[in-house]
Amino acid sequence: MNFITTKDDLLHSVNIVQKAVSNKTTLPILEGILFKVMDNTIYLMGTDLEIGIKTELPGKINSQGSVVISAKLISELVRKLPDDDVFLELNENYILNIKCLNSEFNIQGQNGNEFPQLPEVHSDKEISINKELFKSMIKETIFSVAKNENIPILTGELIEINDGIIKFVALDGYRLALRQGKINDNIELSEVVPERTLSELYRIASLSTLDSVQISHTKNQILFRLGQTHIVSRLLEGEFMNYNQIIPQNSTTKVKVNVAELLSSCERASLMVRDGKSNLIKMNFINNILEIKSNSEMGTVNEQIDVEIEGESIKIAFNSTYFIDVLKIISDEEILLEFTTSVSPCVIKPNQGSNYTYLILPVRYIDH
Amino acid sequence: MAIRVLDKDTADKIAAGEVITDPTAVIKELIENSLDAHSTRIDIDVVDGGKKSMTITDNGDGILVDEVYLAFDRHATSKINKLDDLNELTSLGFRGEALSSIAAISKITMKTMSRQENIGSLVKLCGEQRQVQKRSFSRGTSIRVEDLFYNIPARLKHMKKGNDLSKDIIQLVENLALSHPNVSFSLNVDGRHTIRTPGDNNLHNCIFSIFGNEFGNNVIDIKYENKPLLITGYIGKPSYTRNNRKHQYIFINNRFVQDNKIAKAIEEAYENMIMINQHPVFILNISIPPHMLDVNVHPSKTKIKILNESLVLLLIKDGIKKKVRESSSVNISHQIKNNTAQILLDEYVQEKITPITSYSTNTIVTQTQTQTQTQTQTQTQTQNPKQVNKNVNPKDEQIISKFQSNLDISKDVSKILQDFNDTTYIGQIFFTYILFEGKDFILIVDQHAAHERILFEDITIKVKNGSMVTQQIIPVNIKLSPSEYQLLISNQQLFYKVGFELEEFGDNTICIRGVPIFLNKTQDHKLLIDIIEDIDTKIDSSNIAKFEEMIIRSSCKKAIKANEKLSYKEIDSLIEQLTLCDYPYTCPHGRPTYVRMTKNEFEKKFKRI
Ligand SMILES: Nc1ncnc2c1ncn2[C@@H]1O[C@H](COP(=O)(O)OP(=O)(O)O)[C@@H](O)[C@H]1O
Ligand SMILES: [Mg+2]
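Residues numbered from 1 in each chain as written. Chains lettered and ligands numbered in written order. Predicted model: local features only at pLDDT ≥ 70, side-chain atom pairs only at ≥ 80, totals over all residues.

**Here's the deal with the overall build of chain A**
Put simply, the rule reads: Here a helix means four or more residues in a row that DSSP labels H or I, a strand means two or more in a row labelled E, and each is numbered from the N terminus. For every residue, the other C-beta atoms within 10 Å of its own C-beta are counted; 20 or more classify it as buried, 12 or fewer as exposed, and values in between as partly exposed. C-beta atoms are placed from the backbone. Two residues form a contact once the distance between their C-beta atoms, set from the backbone, is within 7 Å.
A count of helical and extended segments in chain A gives 7 helices and 28 strands. With 368 residues in all, chain A has 39% of them scored as buried. Partitioning the intrachain contacts of chain A with sequence separation of at least 6 by distance along the chain shows that 68% fall at a separation of at least 24.

**Re the sheet that holds strand β14 (residues 248-252) of chain B**
All names here are of chain B. Our working rule: Here, any two strands with at least 2 DSSP bridges between them count as paired. Note on geometry: axes are C-alpha line fits, over the in-contact stretch for helices, and angles between N-to-C directions span 0 to 180 degrees.
An order of β11-β12-β17-β14-β15 is seen for the 5 strands of this open sheet, with the pairing classed as mixed. Looking at strand neighbours, the two that pair on one side only are β11 (219-226) and β15 (255-256), the edges of this open sheet. Two strands pair when backbone bridges link them, and β14 and β15 are joined in this way by 2 bridges, in the antiparallel orientation. Pairing of I252 across the sheet is with R255, part of β15. On the sheet, helix α7 (residues 203-211) packs against β11, β12 (229-236) and β17 (282-287) and is oriented at approximately 35° with respect to β12.

**Concerning the environment of L207 of chain A**
All names here are of chain A. Among the secondary structure elements, L207 is positioned in helix α4 (residues 195-207). Judged by the 12 C-beta atoms lying within 10 Å of it, L207 is exposed. Sequence separation between L207 and N15 is 192 residues, and the spatial gap between their C-alpha atoms is 9.5 Å.

**Overview of the packing of helix α1 (residues 7-18) of chain A against helix α2 (residues 71-80) of chain A**
Residues and elements named next belong to chain A. Threshold: When an angle is under 35 degrees it counts as roughly parallel; over 145 it counts as roughly antiparallel; between 65 and 115 it counts as roughly perpendicular; any other value is oblique. Here is the rule for handedness: rotate from the far helix to the near one, and if that takes an anticlockwise turn smaller than a right angle the crossing is left-handed, while a clockwise turn gives right-handed. Only Asp, Glu, Lys and Arg are considered charged in this grouping, and only Ala, Val, Leu, Ile, Met, Phe, Trp, Tyr, Cys and Pro are considered nonpolar; every other residue, Gly among them, is considered polar.
Put simply, α1 and α2 touch, their axes get as near as 10 Å, and they point 150° apart. With respect to α2, the axis of α1 lies roughly antiparallel. Seen along the crossing, α1 lies across α2 with a hand that is left-handed. Across from K7, L10, L11, V14 and Q18 in α1, the residues of α2 making contact are A71, I74, S75, V78 and R79. Here the contact of α1 with α2 is composed, by residue class, of 6 nonpolar, 2 polar and 2 charged.

**Concerning unusual backbone geometry**
Residues and elements named next belong to chain A. Positive phi is not limited to glycine here, since L49 has a value of about 75°. Counting through the fold element by element, L49 comes out in the loop between β3 (41-47) and β4 (51-57). Not every positive phi belongs to a glycine, and Y94 is a case in point at roughly 60°. Tracing the chain through its elements places Y94 in the loop between β7 (85-91) and β8 (95-100).

**A word on the interface of chain A and chain B**
The interface is formed by 21 residues belonging to chain A together with 19 residues belonging to chain B. Two elements, strand β28 (residues 363-364) of chain A and strand β25 (residues 470-479) of chain B, share 2 bridges in a ladder whose sense is antiparallel. The residue bridging R364 of chain A from the neighbouring strand is T470 of chain B, located in β25 of chain B.

**Some points on the pairing of strand β12 (residues 156-162) of chain A**
All names here are of chain A. Two elements, β12 and strand β15 (residues 189-194), share 6 bridges in a ladder whose sense is antiparallel. Bridge pairing links L158 to V192 in β15. As judged from the 5 bridges shared by β12 and strand β13 (residues 165-171), these two strands associate in the antiparallel manner. Bridge pairing in β13 places N162 opposite I165.

**Here we look at the pairing of strand β3 (residues 53-58) of chain B**
All names here are of chain B. One ladder, built from 6 bridges, connects strand β2 (residues 41-47) with β3; its direction is antiparallel. Residue I44 lies in a different strand from β3, and its bridge partner there is I56. As defined by bridge partners, β3 adjoins strand β8 (residues 140-146) across 6 bridges and the pair is classed as antiparallel. Looking at the pairing, D58 lines up with T141 of β8.

Following this line, the structure appears as structure tokens:
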């Protein structure tokens, strides 16, 4: 194996595939990145067997071959190279020689044939989605994915496509986040993708200059393609929760509120909340005023915001974190809050349209 | 007092009954006689569980030559002569019927010599036959009882096996030895030494000699006085428990009593510091003025009636609780073995936890206050002579008011604040212990134990107030085993109080709709499952309070497990919260939350001193 590339291209590719490399694996070879030259292409690949990333590296090929090089080592090394052409040559016993201007290194690698292959995802149907939409769909839902493994299926997000509408759904038992968008392809899909895959995808998509992401899938793998970069991930098995059933349809109180005002009030109220104390915020919606209260040993906060209330007045309490998490990622100026009782979920919707639906379960407390 | 026959009226009034039912009864009576005779050494020798023979030899007062005959008469006693004397009774025997009863059903040989005479008596009794000879012996009395029940075949037939009787006798002598550390007991069973106590009036030595080192090292010395009540003895550390109550000894005025109420009161003092189904050990003598007791309720004299019982029980519980708590506000002993230099720190920490020997200044202040209050109380009483004079039982009245005034200020004063005052945080070791350095000591905090304690108190208070906060969750259905399901359904109210909202779903399936928030951490439904797994489904859940506590304890244990890592940032707040705890010194299961080691102890380890 012998090829020439530039430091920038090499660094970029290493950064992309490195996201799939696991640092707590029992298979030592998985701590490495596969360099492979075949069919006039230079590939880089990393995998932890759950997720695999393959990308192409532009360059001038002199000869074929493959080697696995420690991901940690190569990324450190490439970062320190001068900005110039880099010459890579595989010698006997898997020793990779790297030259760049006056620098020259020899790195001990491993046999490239021992590196696991990426699963093939052959599907006749490929969906194309706008990259910016794709990114915001991830960003605006991923925080609601379950952090623990109690219900394994909830450690991923449901991607659902139906009638030209794509939906991302995440829920963790205390809240639900649903974001939807339009696509042009007319196919159906309903799969659960691990949280980690989505967060790596978000980062890779941010690095990319392309403006669309292609998705295809087989029975238990899903492939995301951004130009020459392929991200293959395992899908989570099992039935996702029937989220439609959870979202209350008939609210008795509808409140229009300014997001920025609500967010800063919630943040001020939870400032009082210190380690180990309750992070409860109590909301009282009455006479077009929202009163937010929190008390802790450090004192009591009372915040008041003007809102538009339609329906009955209501008193309800929340874990402030859950509320703040949602408010932070909403880009709209105004939203609608919908309530039924003080122990049933609060639904957050855009004032106009139906791009997103958030649901937060309240906290039951006794007011003394 | 000389021996004389009680008048018939008095004799009848004293509850009689069959005193001698088996060899243990004989030994008990004889040892009690020896104790009443001011002996400092009592040797007991039994053969075949006492069926063949039992010999009790003492070095006490002995019996005068002239009175030897009388000693074996029914109702002959030197200890009381009218019923009123019972009120001020300090001796163990008083009915004057033991020797006569024993003599009626066995063959007796007695050698006795009083210190007041130069000649003693050798008495041989067998049925109607009596032989008395004047002989000289060493001072004291030796009574040998042979062929018990030889003349009552019915009794003889129903006697327990020799081995079982020996066990009973050993237990009896243990009891008597523990209640009389000033007397050296020695028990030989079939020629084998079983008990030998030093009789140096040091109860701890007595305990060591009977129960061995491990036991002896795990009990702490207590003395609790709330006049006129005085409790002394040893109580087990909360970490040293047994799964039965065999090692609970209660003596009232040095008399062994079987009093479940007192034992219960003492166990309650350990509440939430020891594990369910575990029992503390204790050897306690409770001194109560004789006029507050009625010992004359059962012929074997192991049952005692206490006047004002519920108040006394309250005081006992309160007193023991205070001591247990003080004792676990851990300090490491000053006595270090010199050859322990290689012991690892953690081993050391585990081993060397012993009670504080000095009181904090705060405690002393409180005690002085207590005294002043009591004095004021007494003064007020004396200033009101009417009440004192006219009342039928003025003593009791006084006692009650004194008790009450003392109770009010029995609240704990925080020792932990003093411990942590002026200490600096050093670091964390083994991801488990947090070190603080003080002027000439270090504190080692077990962060798990500390966290559990904080959580426990937080939850307990919230459950009591009904102010537990529940996070509603997207309902989760869980299929359980029938017994687990039953447990949950029949205690739904209790689980609700702890913060779980449950709903029956039928078919052994439970629907979880809400989970508790403990100290700002939202739990998840998995916690409920962990708790039911933790709780034995066969357990009796009818004792609501106990069951509730069990659920709370289990919740803490499981919740901590789920949040194992504590960040450095949390440590500060952890200690702050710990100091605010009502009882910060142990976790709810009785392990210490922190221990203290002095610089001195380090220096000893490094052989600097
Ligand atoms: N070991 C002993 N040493 C000295 N005196 C004894 C001893 N045993 C019995 N006596 C005398 O014999 C009396 C009768 O004993 P007992 O029948 O047990 O009646 P009680 O102990 O109730 O007085 C005692 O009151 C005591 O004076
Ligand atoms: Mg007697």
